[in-house]
Amino acid sequence: MKEKFLIVGGLPALNNAGGGVVTFLRRLFLRDASKIRFFYDRTKGDKSYLPNHNKIISVKNLLHLLFKLAFDNIHKDDIIFFNFSRERAFLFLLIVPKRCFWQLMLHHGVLEYPKSLLFRFLYSIAMKKIDLIYSLN
């Protein structure tokens, strides 16, 4: 199968067991490395212990991640797999240009709207950009 997944999340560093989210993503990366083109890693530390660590792109902050998602060579048949723990992360999706299929994994399964009308409006726009939502809880 052609590499087509781009994963946004975190991987545990060497000698760091990590929590449930990074453990889930590490197992996914190890199992499906042949299907993954890039893993945009938002956690710090040495990842050279992982096979295929050349597919891991360390991003320093959200601005750097936005730049990578906007300017990397992403094809229309790719799938970006976002991994978020909070519903506030939806706001980040407002500014990311959508050029392919988007999947979202919510690790706490929370999709609550805030009480503010402005945030409700912004969330509704972000939700329209997502093609498939998973919940892990």
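Values in this document were obtained by computation on a predicted structure and should not be read as measured data.

Caption draft 1: Layout of the pairing of strand 4 (residues 79–84). When you tally the buried positions in strand 4, you get 6 out of 6 residues, the bulk of the element. By the alternation rule, side chains of strand 4 split into Ile79, Phe81 and Asn83 and Ile80, Phe82 and Phe84, which are all buried. In this structure, strand 1 (residues 5–9) lies alongside strand 4, joined through 4 bridges in parallel fashion. Its bridge partner being in strand 4, Ile7 is matched across the sheet by Phe81.

Caption draft 2: Looking closely at the environment of Phe90. Relative to the elements of secondary structure, Phe90 occurs in helix 3 (residues 90–93). For Phe90, a relative accessible area of 1% corresponds to the buried category. Spatially, the C-alpha atom of Phe90 lies 6.4 Å from that of Tyr123, the residues being 33 residues apart in sequence.

Caption draft 3: Seen up close, the side chain of Lys47. Along the polypeptide, Lys47 turns up in the loop between strand 2 (36–41) and strand 3 (56–58). Judged by its relative accessible area of 8%, Lys47 is buried. Side-chain polar atoms of Lys47 contact the backbone oxygen of Leu11, separated by 3.4 Å. Among the polar contacts listed, one links the side chain of Lys47 to the backbone oxygen of Thr43, at a separation of 3.0 Å. Other than its neighbours up to four places away in sequence, Lys47 contacts Leu11, Pro12, Ala13, Asp41, His53 and Ile56.

Caption draft 4: Structural context of the nonpolar core. Membership of the largest hydrophobic core comes to 24 residues, with the highest contact counts inside it found for Leu69, Ile80, Phe82 and Leu93. Of all the secondary structure elements, the ones that give two or more residues to this core are strand 1, helix 2 (62–71), strand 4, helix 3, strand 5 (101–106) and helix 4 (117–129). Aside from chain neighbours lying at most four places away, what touches Leu69 is Val8, Tyr40, Ile74, Ile80, Phe82, Phe92, Val96 and Arg99.

Caption draft 5: Representation of helix 2 within the structure. Among all positions of helix 2, only Leu65, Leu66, Lys68 and Leu69 are buried. For helix 2, the angular spread of buried residues about the axis comes to 165 degrees, placing them on one side. In helix 2, the exposed residues that point more than 90 degrees away from the buried face are Leu63 and Phe71. If you check the start of helix 2, you find a side-chain oxygen 3.1 Å away from the backbone N of Leu63, and it comes from Asn61.

The rules behind these values
Residues numbered from 1 in each chain as written. Predicted model: local features only at pLDDT ≥ 70, side-chain atom pairs only at ≥ 80, totals over all residues. Heavy atoms only, no water. Buried < 20%, exposed > 50% of the residue type's maximum accessible area, 1.4 Å probe, protein only. Helix = DSSP H or I, 4+ residues; strand = E, 2+ residues; numbered from the N terminus. Pairing = 2+ DSSP bridges. Polar contact = N/O pair within 3.5 Å; in protein donor to acceptor, adjacent residues only side chain to side chain. Contact = heavy atoms within 4.5 Å. Core = buried A, V, L, I, M, F, W, Y, C linked by side-chain atoms within 4.5 Å. Arc of directions from axis to C-beta.

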